[in-house]
Structure formats: C-alpha cells, structure tokens
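Residue-level listing of the chains:
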Amino acid sequence: MPDLLLELFSEEIPARMQRKAAEDLRKAITDGLVAAGLIYEGAKAYATPRRLALQVTGVPARSPDQTEEKKGPRVGAPEAALQGFLKAAGLASIDEAEIVADAKKGEFYVARQKKPGRAAIDVIADLVPQVVRNFPWPKSQRWGTGSLRWVRPLHSIVCTFGPETEEPDIVPFEIDGIRSGNVTYGHRFMAPGPITVKRFDDYSARLQAAYVILDADRRKDIILHDAKDLALAQGLELIEDDGLLEEVAGLVEWPVVLMGAFEEAFLAVPGEVIRATIRANQKCFVLRSQHVDQRLANRFILVSNIIASDDGVAITAGNGRVVRARLSDARHFWETDQRDLPGYGDRGLKPLDQRLAKMRDLGIVFHEKLGTQAERIERIVRLARDLAPAVGADADLAARAATLAKADLLTEVVGEFPEVQGLMGGRYAALQGEDPAVARAIEDHYRPQGPSDRVPTDPVAIAVALADKLDTLIGFWAIDEKPTGSKDPYQLRRAALGVIRILLSNGVRLPLLAAMPAPFGEIMLDKRLVAVDRQMDIADELASAGVPETVMVALRERLLAPVADPRAVESYAEATVQEAWLKSLDLLAFFADRLKVQLREQGARHDLVDAVFGLGGQDDVVSIVRRVEALGGFLSSEDGRNLLAGYRRAVNILKAEEKKDAAAVTGAVDPGLLAEAEEQALAAAIATAAPAAAAAVAREDFAAAMTALSALRAPVDAFFDKILVNAADPALRLNRLRLLDQIRAACHAVADFSKIAG
C-alpha cells in the first residue's frame, strides 16, 4: 500500500513549540484521512528547528465506495412532504426511492445513494492545505503580501505519495503561492543546497547526509551521550536536566557537544544560581566533581549546531565570555543581597527582615481580592503555628520560618532568577544565623512542585509547606477563583496534590475540615470589612460632590450598622461561619478528586475513594488511603466479591420498600420473628460482625474490619438462597427487611458499598 511523506520547511520554529506541533500535524492529517475513509497502518511525526515532517504508512490508494441513506416521509404522506424529500435527496421521482416497512411506524420512503470513493492523492491534495491554513500555532505571523499565517515564514512543502515499489507521485496543491514538490533543503550552513527526495527512507537518509538529524529523540540521545563522555574524560559528572535537553535538541539540527570553562572564583556563588544563570542565558549544562562532595565544577557543556573548522575553539571562547559576564552579575546580586538595604539598615534588622519590612512598606499586592503579600504572610504564619502541633513541629520555629518564607522575593538574585525562590531564602536565612530548621523550611516550603519533586520531611518545613499551600487554596476558593476545565491559572490542582503528597509521605494525621473553616472565615470577614471601608470612601466622595449632609449622615449610619449594632454583628458572624463551612466542604470535595487522581496513578480504584468519602466526615487523607487499601484487598477476595453481591441484592430490595415508607425498614429486628435457621444465623452473624467491624474502624485497624465483615459472606448467601423476604405475613416481611437494613449498616461502618463499581 502507498505511503505519504509530508514536510513543511520554514524559518526556525521555537523549540518549545516543536514537539506539540509535530503531534498536531500527525493528528490533523491522520484524522482527515480516516474521516475520508482512508484507514492507514501507521504514522509518525518529526520536528527540527526548520521543519515539520510526517510519514504515514499503509494508506489505501482509494477510499471505499459509500452508500448514503436518507429517510423520507411515510407512504401516503402529503404531496408537499414528498416533494421536499425528493429535492433534499436529489431524486427526480418518488419511484427512485425504496419503500421500507417498520413494525411500529409502518411503511416509509428511503433514498439510497451510492457515492464512489476518491483517489487518496486527491483527498490528500484537499486535506493538506486545509490543515496548514488552520494549524493551531500558539503564535503565528504573516509575511510579504500573502495571507497565510505560520509560526515563521514557510518556504517549501514536500508532499509525495506512492508505493515502495514505484516512483511516488507529487501530491499537487498550492498554499499561498507555495507549490508542493519533492525538494527540501539540508543544514542551513553546512549543506544549504536543494535535495530531491522520494519517500521517507530516502528523505531521512538524504537529510542525514546533509547534516540534519530528523528525529528529536535521537538528537537528545546524541547530546546526552556525548556530554557524559566529555565530562567523564575530564573526571567530571554531567548534571542532567531533562527540560534543558529537550530545549537544546530543538535548537540544533546537527548537535556538536563542546566544553567551556569559567574562573573558579565564581564558585563562591551558590551552585543553584550558577546553574540557573548558565541554563537561562546560554542554554548550557553544568558539571560537578565525581568526588563525595559533588562540588560544582568551573566547566559547562554547550551544544553547537555546526562542525567548526577549529574544533569549536572560537565557539567555546565566545560562550565562555558571555557566561563570565552573566556570572559576574550573579555574584554581584549574591553579594548585594547580604548587605543592608538602603534606608533599612539602621533599624537593627537582619537582611531578610529588612526585605520583609520593605515588602510591608511598599504594600506589594498578592491578589486584588486577597490583599497584600504582607497580609498573606500573616495568614500563613497563623496557619503554620496552628498546624505545628499536628506535624510535631516547634510552633515558634514554624512561625519564624513562615514569616521569612517570602522575603527572598525582594532579593536581587530571585528578581533575576525567579526559579530559585525559596532556595535562596533558605541560604540567606542560614547566613543570618537562623535556626537550621527555619532555613530548611524556607527552602522547602514550595515543595513538592510536581510529581517528581521531593517532599519536605522536617517537621517545621512540613508545617510551613502545608500552610503555604492551604492558604493558596483557601484564599482562591474564598473568592471563587476555582479551576475550571483545563484552566488552572493559580495552579491550585498542583497545590492540592502537594498537600496530599506531604500528608501521605510523612504519615501526617491532619483532619482537613478542622484546619480550613477558620482561615476561610478570616478571609471572608476581611473581604466584608474591606467592602464597608470602600463604601465609606464612596460616601466621602459623595459628600465632597455636594450631597446634603443630612443624607450623608443617614448613609454612613446605614453602612456602619453591620459593624456597630450587636445584633447585626452577630448575624454578620453567623453568615460568615456558615459560608466558611460550605466552602470548606467544597474544597474538601476538590481534595477528594485530587486524591482519586493520585491513587489512580498508583493503580488504585477511584471508586473505592468514593466509597470511603461516601460515609461523610472523612477528611484525614492518611486514614482514607489506608481504608481504601484495605477495602481494595477485601474486594479482591472471594468473600469480598460475594458480600458485595449480597449487599447489592439487599439494597435493591430496600430501595423499592423505602419509596413506600423510608422509616419502616430502619427499626430493630424482633428475635421472636426469626422463624428460619438461615435468618437466625444471619442475625447472629450481624450481631457479632457489625460491632467488631465498627470497633476495628474506630481503632483504624481496617484489615480487622474487613475480616469481621467477611464473616457475613456465608450467612448472607444462605439467607438469599433459602429465605423469601417478601413473605405473606406483613410482620415477618418487615422483620426480614430490617435484617437486610442491618446488612447495609454493617457494611457502611467500613465504606459506602453503593459507590463501588463493578
């Protein structure tokens, strides 16, 4: 079967856009082929700085014939309906339609039209221009006098189609004056001439001969392998950086790895700052010693796009000059941050405290609806102090760390390299003599920032990290700025997952519902008071505009009523407490959703999380996960599966009865009405298992709770095999229904089994 080769050759595509653009091209073309009835065998897309390429294999030469069926009116319908049907179906006469009989609808007309398939080359000729013109670049541009928008000026298009055994055809089309063909171009500097290609194998080989490696993953492998070898030859070790590696592979078509150097004196600057400087400005990798201390080396790895005649000496020297200049700036920032701030040094404050004082003086806003950074810091301090006992941290140290955690935002280094915030705060805290636990907490309080980032383990760091993330979540929940769909501008999903990971990794027992309402209430009360202040400001503006004083007095009294009248204050407080509780419950549901994501990634069943949360009042993440694990193990056993089936049978019967009288089935079972051996055995088993399961849950021995429930399996099976629940005697029937309700209650002591799927 024929193969398709497509290349879109342009000026340099930004590295960050290349991989997604290649995938977008693959999806758009293959979706279009499938929609046209051309089911292909395989497809792979490629990207280099100057081209997007696509190979689609096993494309049929022609799409299949299709039959379209259009249903018409019933036989005997009015003439107007028949004429409308003929016109819509393209028929000359009703005799050209078929009559189809339906048992319910009777006889009606159907028009069947055969549409012949199209040659694949014609489908592709229509499809590619459409895809190119509607390509989803994040940013695009026009050039010259044309109307086409592309990420950078598009120069040429290769599009060939044909089987391996024959000369492929050029798929003919034109886009904004650019005609498709079979000519591409090699490396911009080392082989810029035209190259005539046929199919993918030929295309890939000819590009490589012209110093272009088409596959980005292969370019990454070359860079990583050569960089490690070059470092090893110097007795050093490469500090790997997946994000930088991906970016650099998108900057070169023919990677050449070189090593540069800078003066050892710059190593006095923290290694993270050196790495951030070299990474951000020169897209270079840093190296470290292979010794135990793994100290940063005064060497760096750069990746060139050409094979230089001097073996890269000039390129390395040029990069070295820029690196030294950048490191000089970084050293200046580092040294400046350790000095007193002008105007603040005479207050007797340490450097970080000076920056905190400046932050307060400047009134730097955190969010328009959530106040200043200083106000947020005060909230985090209170929350960290409250959380400290739960995580085994010293409350005063937690409060001190929370106080200084954001101070490094006003340092020179963080201003230049925002990615080292927190880390630099920890370094500066250590330099000014803070307790080591405080310095660690400042450094770690943003963590974890992703699934691969480490989790804080020191108690003080745990308290501050939790306080920071919970304040973020509570604050944006309070102002109704929650994530919607794929939009999460404040990274609240990441914050919630961070809280969950911290709690689980450290086994922290934190009832979330106890931790959230007070901060919610503080924020919402502040919002209401700010609203009153704003109304008073407006009143003052009205007064200055000439509104009569008598009117202004009445207005001010009315505005101040909520904060002056005791009854109004009480009502105000009640409304705030109620709203805080409702928002806490909503945020807890968000945590439940994030926990499902976390557990699903670990292979657990998300419906079991629903079953545990379904009991209500479940807000201890560690306890929930332990219960989910025990429930999963129980349901994977034969006893668990059979008990679940018996539970469902009981609940289905109860649901039907509860529609008539919900309260009737919840009473106590009358032992005197247990006439049959099977119901007597079930009642006895429930009397033993239910309290045992409840007691095990109370002491959080969930495995024992499941073991207690497993004793119900055999009596429940025997009951449903031998006993007729809907007995003729109403009293006997009600007693048996109440026995079923006890089965449900015993299971619900552990989890809401109705939420379990399967």
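Residues numbered from 1 in each chain as written. Predicted model: local features only at pLDDT ≥ 70, side-chain atom pairs only at ≥ 80, totals over all residues. Heavy atoms only, no water.

- Going by the annotation in an unreviewed UniProt entry, the name recorded for the protein is Glycine--tRNA ligase beta subunit, with Prosthecodimorpha hirschii given as the source organism.
- In its Catalytic activity (unreviewed entry) section, UniProt records this for the protein: "tRNA(Gly) + glycine + ATP = glycyl-tRNA(Gly) + AMP + diphosphate". (UniProt positions renumbered as here; feature names shortened; annotations may be inferred.)

### Side note on the overall build of the protein
- Helix and strand counts for the protein stand at 27 helices and 18 strands.
- Here the C-alpha atoms of the protein give a radius of gyration of 36 Å, more than 25% beyond the 27 Å that 2.2 N^0.38 yields for 758 residues.
- The C-alpha extent of the protein, read off along each of the three principal axes, is 100 × 100 × 75 Å.
- By residue count, 47% of the 758 residues in the protein fall in the buried class.
- Of the contacts formed within the protein by residues at least 6 apart in sequence, a portion of 68% connects residues at least 24 apart.
- Accessible surface for the protein amounts to roughly 36,400 Å². Of this, 52% is attributable to carbon and sulfur atoms.
- Across the protein, the mean location of the 94 positive side-chain charges is 2 Å away from that of the 109 negative side-chain charges. (Helix = DSSP H or I, 4+ residues; strand = E, 2+ residues; numbered from the N terminus. Rg over C-alpha atoms; globule rule 2.2 N^0.38 Å. Buried < 20%, exposed > 50% of the residue type's maximum accessible area, 1.4 Å probe, protein only. Contact = heavy atoms within 4.5 Å. Areas by Shrake-Rupley, 256 points an atom, 1.4 Å probe, with all protein chains shown as cover. Lys, Arg positive; Asp, Glu negative; His and termini not counted. Charge placed at Lys NZ, Arg CZ, Asp CG, Glu CD.)

### What to know about the pattern of salt bridges
- Counting across every chain of the model gives 50 salt bridges.
- For E263, the salt bridge is made with R324, and the minimal N-O distance between the two is 3.8 Å. Of this pair, E263 sits in the loop between β14 (256-261) and α7 (271-282) while R324 is found in helix α8 (residues 313-336), placing the two residues 61 residues apart along the sequence.
- The exposure class of R324 is partly exposed, given its relative accessible area of 26%.
- In this structure, E272 engages R427 in a salt bridge whose closest nitrogen and oxygen atoms are separated by 3.0 Å. Here R427 lies in helix α13 (residues 423-431) and E272 lies in helix α7, a separation of 155 residues in the sequence.
- Judged by its relative accessible area of 29%, E272 falls in the partly exposed class. (Salt bridge = Lys/Arg side-chain N within 4 Å of Asp/Glu carboxyl O.)

### Observations regarding the pairing of strand β5 (residues 98-102)
- Taken together, the five bridges between β5 and strand β6 (residues 106-115) define a ladder with antiparallel strand orientation. What sits directly across from I99, in β6, is Y109.
- In textbook terms, the turn of a hairpin is the stretch between consecutive antiparallel strands, and for β5 and β6 this stretch comprises three residues. (Pairing = 2+ DSSP bridges.)

### Remarks on the domain arrangement of the protein
- For the protein, the assigned domains read domain 1 (2-62 + 119-210), domain 2 (66-115), domain 3 (216-338), domain 4 (345-510), domain 5 (524-603) and domain 6 (624-755).
- Contacts between the two partners involve 14 residues from domain 1, matched on the other side by 15 residues from domain 3.
- Looking at the side of domain 1 facing domain 3, the largest losses of area belong to R19, M190 and Q208, adding up to 42% of the total buried there.
- Remark: the boundary between domain 1 and domain 3 carries three salt bridges.
- In this structure, R19 engages D217 in a salt bridge whose closest nitrogen and oxygen atoms are separated by 3.0 Å.
- At the surface where domain 1 touches domain 3, the tally comes to eight residue pairs in polar contact (both at pLDDT 80 or more). (Domains from an automatic or database assignment. Buried area = accessible area lost by both parts, 1.4 Å probe. Polar contact = N/O pair within 3.5 Å; in protein donor to acceptor, adjacent residues only side chain to side chain.)

### Re the sheet that holds strand β13 (residues 236-238)
- Ordered by their spatial adjacency, four strands build an open sheet running β13-β15-β16-β14, and the pairing between neighbours is antiparallel. Looking along the sheet, the strands with just one partner apiece sit at the ends: β13 and β14. This sheet shows a mean twist of 35° between the axes of neighbouring strands, independent of strand direction. (Axes fitted to C-alpha atoms, helices over the stretch in contact; angles between N-to-C directions.)

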